[in-house]
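For reference, the chains in residue letters:
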Amino acid sequence: MVRFKTVQITDLTDEDLQAMGAQDQLIDVREADEYEAGHIEDALNYPLSTLNTKFPLDQGKTYYIYCQKGGRSQQASQMLSDSGFDVINLNGGYEAYLSQQEAQPQHQTTSKQEQTEVTASEKTIKPERKQLNYSGLQCPGPIVNLSQTIKQIQPGEQVEVIVTDLGFASDIQSWAKQTGHHLIDLKTDDSKVTAIIEKGEASDQAMSVHESNNGTTIVLFSGELDKALAALIIANGARAAGREVSIFFTFWGLNALKRTDAPKVQKKGLEKLFDFMLPKGPESMPLSKMNMFGLGRFMMKLLMKQKNVDSLPALIDKAIENDIKLIACTMSMDVMGIKREELRDDVQIGGVGTYIGDTEHAKHNLFI
């Protein structure tokens with residue numbers, strides 16, 4: 001039973017939203033990474049996934065709930081209403097809010113958080129700029145390639161990029177904030193995203209690195225192809241954003257680091273049995289769902305090739321090219337009978353102490 005009201009977010013003025021935020025009444029129920037990529041000024045972040053355990057706010061207030069488009073905010077509004085809170089669902093969500101902001105003249109933008117973006121948008125589009133077309137390239141390809149190109153130009157120079165992966169519109173905004181570069185123009189239609197980026201000064205880039213703690217660490221425990229792909233996609237994307245990244249491969253995750261041309265290693269007993277049962281390398285890793293004795297894996301690889309998504313070995317190659325630290329857990333190697341010569345030459349051998357050391361400088365720590 002619905003016990004809350006729904007209001008279109010675009011029916012509210014900037015002053016309305018600012019007043020809600022100032023009174024701690026504006027609630028963003030998206031996940032933390034979505035919130036960090038951009039949110040309405042002064043909104044409090046309580047992800048939908050945590051609402052059943054955490055919402056320590058005053059039941060005497062009315063709360064205005066929004067998400068990306070309106071689906072999650074509706075669920076959150078129902079949950080909070082059932083718990084005795086007075087709530088209003090803001091339909092349309094952050095996407096509708098952004099569209100409304102983009103339709104306004106730049107001088108009307110009042111958000112403190114968006115002042116950097118306003119300054120960037122006031123920069124002129126330069127006629128002499130490098131043209132890049134990443135049509136057909138899927139995440140994290142556009143961001144990784146753009147990052148490499150930006151390194152090759154001088155501060156103040158601009159790049160125009162066309163991408164058919166529509167998620168790039170959100171990615172490029174977050175990437176620009178994290179790296180200290182400037183998003184000068186952004187246009188999206190049904191088929192492509194066009195963005196113009198200006199390389200920031202060294203001081204801008206250094207400040208962004210400092211504010212973000214410049215670290216992402218990932219533990220890859222799974223030996224399943226789709227989960228390993230997710231880990232490497234996140235790692236390459238984080239590195240493109242200027243972060244120091246390390247991946248700690250342990251237990252089944254070690255299979256992703258195996259060489260396809262590994263020399264024959266003599267094994268006996270349980271080591272030999274493990275060797276027989278484990279995948280021979282990243283191309284042989286199964287899917288976590290719908291593997292179907294390898295048929296699902298074959299279908300997945302075929303679709304990835306058709307959609308121009310990098311394979312797992314290619315993603316590992318890019319990680320190494322971009323100086324992502326790949327650490328093979330020595331304890332897991334010993335337990336599973338995996339020898340150093342079976343792994344890629346460019347992998348570092350280490351233990352949990354190496355991983356813990358990296359987490360000291362990391363803002364994001366993921367376990368996959």
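What counts, and at which threshold
- Every chain begins its residue count from 1, and numbering advances along the sequence as written.
- For a predicted model such as this one, the threshold for reporting local features is a pLDDT of at least 70, and the threshold for listing and counting side-chain atom pairs is 80 or more; totals across whole chains, interfaces and linings nevertheless cover every residue.
- For the side-chain quantities, the full set of heavy atoms in the structure was used; hydrogens and water were omitted.
- Here's how the labels work: a residue is buried when its accessible area is under 20% of the maximum for its type, exposed when over 50%, partly exposed in between, all with a 1.4 Å probe on protein chains only.
- Here a helix means four or more residues in a row that DSSP labels H or I, a strand means two or more in a row labelled E, and each is numbered from the N terminus.
- When we speak of the arc, we mean the arc of directions from the helix axis to the C-beta atoms.
- Residues are treated as being in contact if the distance between any of their heavy atoms lies within 4.5 Å.
- Pairs of strands are assigned from DSSP output, requiring at least two bridges between the strands.
- An axis is simply a line fitted to the C-alpha atoms; with a helix, the fit covers only the stretch in contact. Between two such axes, the angle follows the N-to-C directions and lies from 0 to 180 degrees.
- Here, a salt bridge means any Lys or Arg side-chain nitrogen found within 4 Å of an Asp or Glu carboxyl oxygen.
- UniProt positions are given in the numbering used here, feature names are shortened, and annotations may be inferred rather than shown by experiment.
- When two rings of Phe, Tyr or Trp (its six-membered ring) have centres within 6.5 Å they constitute a pair, described as stacked for plane angles under 30 degrees, edge-to-face for angles over 60, and tilted for the intermediate range.
- Here, over-ring charges are defined by two tests on the NZ atom of lysine or the CZ atom of arginine: distance to the ring centre within 6 Å, and angle to the ring normal within 35 degrees.

Looking at an unreviewed UniProt entry, one finds the protein named Rhodanese domain-containing protein, with Staphylococcus simulans UMC-CNS-990 as its source organism.

(A) How the structure looks around helix H14 (residues 352-359). Where H14 is concerned, the buried positions are Tyr355, Asp358 and Thr359. All buried residues of H14 project into a common sector of 105° when viewed along the axis, lining one side. On its buried face, H14 is in contact with strand S10 (215-220), strand S11 (244-249), strand S12 (325-329) and strand S14 (364-367).

(B) The sheet that holds strand S8 (residues 182-188), seen in detail. One open sheet holds the four strands; their spatial order is S6-S7-S9-S8, and the pairing between them is mixed. Sheet topology places strand S6 (130-134) and S8 at the edges, where each strand pairs with a single neighbour. Neighbour-to-neighbour, the strand axes of this sheet turn through a mean angle of 15°, independent of strand direction. Where S6 lies against strand S7 (residues 158-163), five bridges are found, and the strand directions are parallel. From the neighbouring strand, Leu132 faces S7, where its bridge partner is Val161. Sitting on the sheet, helix H6 (residues 141-151) touches S6, S7 and strand S9 (193-198), and the angle it makes with S6 is about 160°. Those strands touched by helix H7 (residues 168-179) are S7, S8 and S9, and its axis lies near 170° from that of S8.

(C) Main features of the pattern of salt bridges. Counted under the stated rule, the structure contains twelve salt bridges. Note that Glu160 and Arg129 form a salt bridge whose closest N and O atoms lie 2.6 Å from each other. Of the two residues, Glu160 sits in strand S7 while Arg129 sits in the loop between helix H5 (115-121) and S6, which places them 31 residues apart along the sequence. Judged by relative accessible area, Arg129 falls into the partly exposed class, the value being 23%. Arg259 is the salt-bridge partner of Asp345, the closest N and O atoms lying 3.8 Å from each other. Taken together, the residues span a long stretch of sequence, with Asp345 in the loop between helix H13 (330-336) and strand S13 (348-350) and Arg259 in the loop between S11 and helix H10 (269-277) at a distance of 86 residues. Connected through salt bridges with shared partners, the residues Asp317, Arg344 and Asp346 form a single ionic network.

(D) Layout of the UniProt feature "domain: Rhodanese" (unreviewed entry) in the protein. According to UniProt, the positions carrying the feature "domain: Rhodanese" (unreviewed entry) are residues 20-102. Summarising residues 20-102: 37% helix, 19% strand, and an end-to-end C-alpha distance of 21 Å.

(E) Inspection of the sheet that holds strand S4 (residues 62-66) at higher detail. Taken together, the five strands give an open sheet; going across it, the order is S1-S5-S4-S2-S3, and neighbouring strands pair in parallel fashion. Each having just a single partner strand, strand S1 (5-8) and strand S3 (44-45) make up the two edges of the open sheet. Two elements, S1 and strand S5 (residues 86-91), share four bridges in a ladder whose sense is parallel. Looking at S5, one finds that Val7 is bridged to Leu90.

(F) Just the packing of aromatic side chains, in detail. Inspection of the entire model under this criterion finds six aromatic pairs. Centre to centre, the rings of Tyr63 and Phe85 are 6.1 Å apart; their planes meet at 70°, and the pair counts as edge-to-face. Here Tyr63, found in strand S4, pairs with Phe85, found in the loop between helix H3 (71-82) and S5; they are 22 residues apart in sequence, far enough to count as distant. Both residues of the pair, Tyr63 and Phe85, belong to the buried class. Centroid distance Tyr94 to Tyr97: 5.9 Å. Interplanar angle 25°. Geometry classified as stacked. Taken together, the residues span about one helical turn, with Tyr94 and Tyr97 both in helix H4 (residues 93-103) at a distance of three residues. On the basis of relative accessible area, Tyr97 is assigned to the buried category, the value being 5%. Grouped by ring-pair contacts, the aromatic residues Tyr66, Tyr94 and Tyr97 constitute a single cluster. One Lys or Arg, Arg30, reaches over the ring of Tyr94 and ends 4.5 Å from the middle of that ring.

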